[in-house]
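Structural characterization, general
So you can see what is in the structure, the chains are spelled out below.
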Amino acid sequence: MPRILTAELVGQAQTHIHWLKPNIGINQGMLAAWQRMVRAAQQDNIELSIASGYRSFERQLSIWNRKFTGELAVLDINEQPLQISELSELALIESIMLFSALPGGSRHHWGTDIDVYAPNLLPENYKLRLEKSEYSAGGPLSDLHIWLQDNAKTFDFTFPYDTFKGGVAGEPWHISYQPVAQQFEKAFDVSALISTLLDADIKGKQTLIDNIDMLYNRFISSVFNLQDTTNG
């Protein structure tokens, strides 16, 4: 695959993105696999669709700053709203990173990672929330989750956040195209992340920089799969 640019790693370039719709983009290297998986799902009456694909640094920054200031809700591990005024700045950062990636450190920047759903499985006028209850037994998207668990690997898609491991909360809707995502993982440079954050108007900047190694290891690199799979 082409050499990965630093700007692509941190969400400040779109040169690696194929746009399926004006607001839905994926990595060019996963287009064929994604299309094959969509067709396979259709055969099982599942309309596999993308709720969120490529996300730029600026879009992730907007989400981050609105959560930091309380404009958007910050949830605990049980998906219950937190009183952020009661949290230290570091505790707030850790709480945000349970469900929202640090700008510059989001796998959505790579276009290899997408949040998926099936609109034909949802009740009429239902507003998708991307919460675990929707994908669990009895939830409207439980059949989709079962289908993905049975079939995603066939198309080289994995679940980086299959369960809570002390960093990012479990996200059954988040899948990753491993052959290309792995190349981004290998190329990722924490020093580039630091430089990007220093240049950004991001809330909690100094606390982020002071704790970047811990946050990187806990919330970003903890799901990296750096084993060479080219020969097996």
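Structure report, in brief. (Residues numbered from 1 in each chain as written. Predicted model: local features only at pLDDT ≥ 70, side-chain atom pairs only at ≥ 80, totals over all residues. Heavy atoms only, no water.)

**A short note on the overall build of the chain**
Short version of the rule: Helix and strand definitions here come from DSSP, where helices need a minimum of 4 consecutive H or I residues and strands a minimum of 2 consecutive E residues; each element is numbered from the N-terminal end. Within these notes, the globule rule equals 2.2 Å times the number of residues to the 0.38 power, and the radius of gyration is based on C-alpha atoms. Under the scheme applied here, a residue whose accessible area is under 20% of the maximum for its type counts as buried, over 50% as exposed, and between as partly exposed, the area being computed with a 1.4 Å probe on protein chains only. Whether two residues are in contact is decided by their heavy atoms, any of which lying within 4.5 Å being enough. Charge counting follows a simple rule: Lys and Arg are positive, Asp and Glu are negative, and His as well as the terminal groups are ignored. For charged residues, the charge sits on one atom: NZ in Lys, CZ in Arg, CG in Asp, CD in Glu.
Counting its secondary structure elements, the chain contains 10 helices and 6 strands. Taking 17 Å as the expected radius of gyration for a compact globule of 232 residues, we find that the chain reaches 17 Å, a close match to that expectation. Summarising its shape, the C-alpha atoms of the chain cover approximately 50 × 40 × 35 Å along the three principal directions. When burial is assessed residue by residue, the chain has 50% of its 232 residues classed as buried. In the chain, 66% of the contacts between residues at least 6 apart in sequence involve partners at least 24 apart. Counting 18 positive and 27 negative side-chain charges, the chain places the centres of these two groups 3 Å from one another.

**Points about the sheet that holds strand S4 (residues 113–117)**
Definition in use: At least two DSSP bridges between two strands are needed for those strands to be called paired.
Pairing is antiparallel in the open sheet, where 4 strands are placed in the order S3-S4-S6-S5. A strand with exactly one partner marks an edge of an open sheet, and here the two such strands are strand S3 (49–52) and strand S5 (157–158). Pairing between S5 and strand S6 (residues 174–177): 2 bridges, direction antiparallel. Looking at S6, one finds that Thr158 is bridged to Ser176.

**A word on helix H8 (residues 190–198)**
Each α-helix winds once per 3.6 residues, and so residues spaced three or four apart point in a common direction. Rule in force here: Of all possible arcs, the one meant is that of the directions from the helix axis to the C-beta atoms.
When we look at burial in H8, the residues that qualify are Ala192, Leu193, Thr196 and Leu197. Within H8, the buried residues cover an arc of 135° as seen down the axis, which keeps them to one side. On the buried face of H8, the contacting elements are helix H1 (6–9), helix H3 (57–68), helix H9 (205–210) and helix H10 (212–220).

**What about the packing of aromatic side chains?**
Put simply, the rule reads: Ring pairs shown here join Phe, Tyr and Trp side chains whose ring centres sit within 6.5 Å, with only the six-membered ring taken for Trp; geometry is labelled stacked below 30 degrees between planes, edge-to-face above 60, and tilted in between.
Enumeration over the complete set of coordinates arrives at 9 aromatic pairs. Ring centres of Phe188 and Tyr216 lie 5.8 Å apart, and the angle between their planes is 20°; this geometry places the pair in the stacked category. Residue Phe188 is located in the loop between helix H7 (178–187) and H8, and its partner Tyr216 is located in helix H10; the two are separated by 28 residues in the primary sequence. Judged by relative accessible area, Phe188 falls into the buried class, the value being 9%. The buried category is assigned to Tyr216, whose relative accessible area is 13%.

Nothing here speaks to function; it is geometry throughout.
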